[in-house]
Amino acid sequence: MSFSQRLREDLHTARLNDPAVRSDLEIILNYSGLHAIWIHRLSHRLWQNDSTKLAARTLSQISRFLTGIEIHPGAQIGRRFFIDHGMGVVIGETTEIGDDVMLYHQVTLGGRSLAKTKRHPTIGNRVTIGAGAKVLGPVVIGDDSAIGGNAVVVHDHPAESIITGIPAKSRPRTPEKQKPLVDPVSYIDPAMWI
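These lines cover the structure that appears in this document, whether it is placed above or below. The shown structure was predicted, so the numbers you read here are calculated from the model rather than taken from an experiment. (Residues numbered from 1 in each chain as written. Predicted model: local features only at pLDDT ≥ 70, side-chain atom pairs only at ≥ 80, totals over all residues. Heavy atoms only, no water.)

## Some remarks on the pattern of salt bridges
No. 1: For the structure shown, the criterion picks out twelve salt bridges.
No. 2: For K53, the salt bridge goes to D50, with nearest N and O atoms at 3.9 Å.
No. 3: Given a relative accessible area of 25%, K53 falls into the partly exposed group.
No. 4: Linking K118 and E96 is a salt bridge whose minimum nitrogen-to-oxygen distance equals 3.4 Å. Here K118, found in the loop between β7 (108-110) and β8 (122-123), pairs with E96, found in strand β5 (residues 96-97); they are 22 residues apart in sequence, far enough to count as distant.
No. 5: The exposure class assigned to K118 is partly exposed, which follows from its relative accessible area of 32%.
No. 6: Within the structure, one salt-bridge network assembled from shared partners comprises R6, E9, R79, R80 and D100. (Salt bridge = Lys/Arg side-chain N within 4 Å of Asp/Glu carboxyl O. Buried < 20%, exposed > 50% of the residue type's maximum accessible area, 1.4 Å probe, protein only. Helix = DSSP H or I, 4+ residues; strand = E, 2+ residues; numbered from the N terminus.)

## A closer look at the sheet that holds strand β9 (residues 128-129)
The pairing of strands in a sheet comes from backbone hydrogen bonds and takes either a parallel or an antiparallel form.
No. 1: Strand order in the open sheet formed by six strands is β3-β6-β9-β12-β14-β15, with mixed pairing between adjacent strands. Each edge of the sheet is formed by a strand with only one pairing partner; in this case those strands are β3 (82-83) and β15 (168-172).
No. 2: Inspection of the sheet shows β9 paired to strand β12 (residues 146-147) by two bridges, in the parallel sense. Residue pairing for β12: T128 is matched across the bridge by A146. (Pairing = 2+ DSSP bridges.)

## As for helix α1 (residues 3-17)
No. 1: With 15 residues, α1 should reach 21 Å at 1.5 Å per residue; the first-to-last C-alpha distance of 21 Å fits that figure.
No. 2: Among the residues of α1, E9, D10, L11, T13 and A14 are the ones counted as buried.
No. 3: The inward-facing, buried residues of α1 abut α2 (24-30), α3 (32-47) and β3. (Expected span 1.5 Å × (residues − 1). Contact = heavy atoms within 4.5 Å.)

## A short note on the side chain of H120
No. 1: Of note, H120 is situated in the loop between β7 and β8.
No. 2: Take H120: its relative accessible area is 7%, and that puts it in the buried class.
No. 3: In terms of polar contacts, H120 uses its side chain to reach the side chain of T94, at 2.7 Å.
No. 4: The contact partners of H120, leaving out residues within four places of it in the chain, are G92, E93, T94, T95, L109, G110, G111, G137 and P138. (Polar contact = N/O pair within 3.5 Å; in protein donor to acceptor, adjacent residues only side chain to side chain.)

## A closer look at the pairing of β15
Walk down a regular strand and you will see the side chains alternate between the two sheet faces.
No. 1: Inspection of the sheet shows strand β14 (residues 161-165) paired to β15 by five bridges, in the antiparallel sense. Within the sheet, the bridge partner assigned to I162 lies in β15 and is R171.
No. 2: Here β14 folds back onto β15 in antiparallel fashion, the turn holding two residues.

## Considering the sheet that holds strand β13 (residues 152-153)
No. 1: Here five strands make up an open sheet; going across it, the order is β1-β4-β7-β10-β13 and the pairing parallel. Bordering the open sheet on either side are β1 (70-71) and β13, each of which pairs with just one other strand.
No. 2: Pairing of β7 with strand β10 (residues 134-136) involves three bridges; the strand directions are parallel. Note on β10: the bridge partner recorded for L109 is V135.

## Looking at the side chain of H40
No. 1: Topologically, H40 is positioned in helix α3.
No. 2: In this structure the side chain of H40 is engaged in a polar contact, spanning 3.0 Å, whose partner is the backbone oxygen of A75.
No. 3: The residues touching H40, leaving out its near neighbours within four places in the chain, are I71, H72, P73, A75 and I77.

Structural measurements only, silent on function.
Okay, structure coming up:
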């Protein structure tokens, strides 16, 4: 895939995932999630060669400073990846992310071990991970799943799951299970009294 094709794909992905987008120029200039992804692609390429690993790590730290998003250059990331409101996102070295994945701010794809093995998550295709979620350890999240905001995920979950809670539990993502657990019409949010 050429540079221009990849750029068009990235811009299209941003337009699909963010209804606030007004123009391609706005995306290119202002979307720190895409800036972090673009820099990661270069640092990941550098990471493949032992003689340029230091340059890769240095570039990833510059990206962290500029964007507030930390992606280790060893992480493997698929196509059409999007980070919305990226501040505070951390993606560890042995993380593997499939295609069409979307992360919100303050997501951590981190480790639970200091062993030099696979210690970070494997995220399937078409997974959405909500704000503040933590996916920790070499867990596998199946395709077409959604992880709720602030969930703490420490176990594998099958494809087509809705994953919520601390520690996270999953339920099938079937049409009848996609409805909210609480009817939003009858639910009274305590925050509305503040």
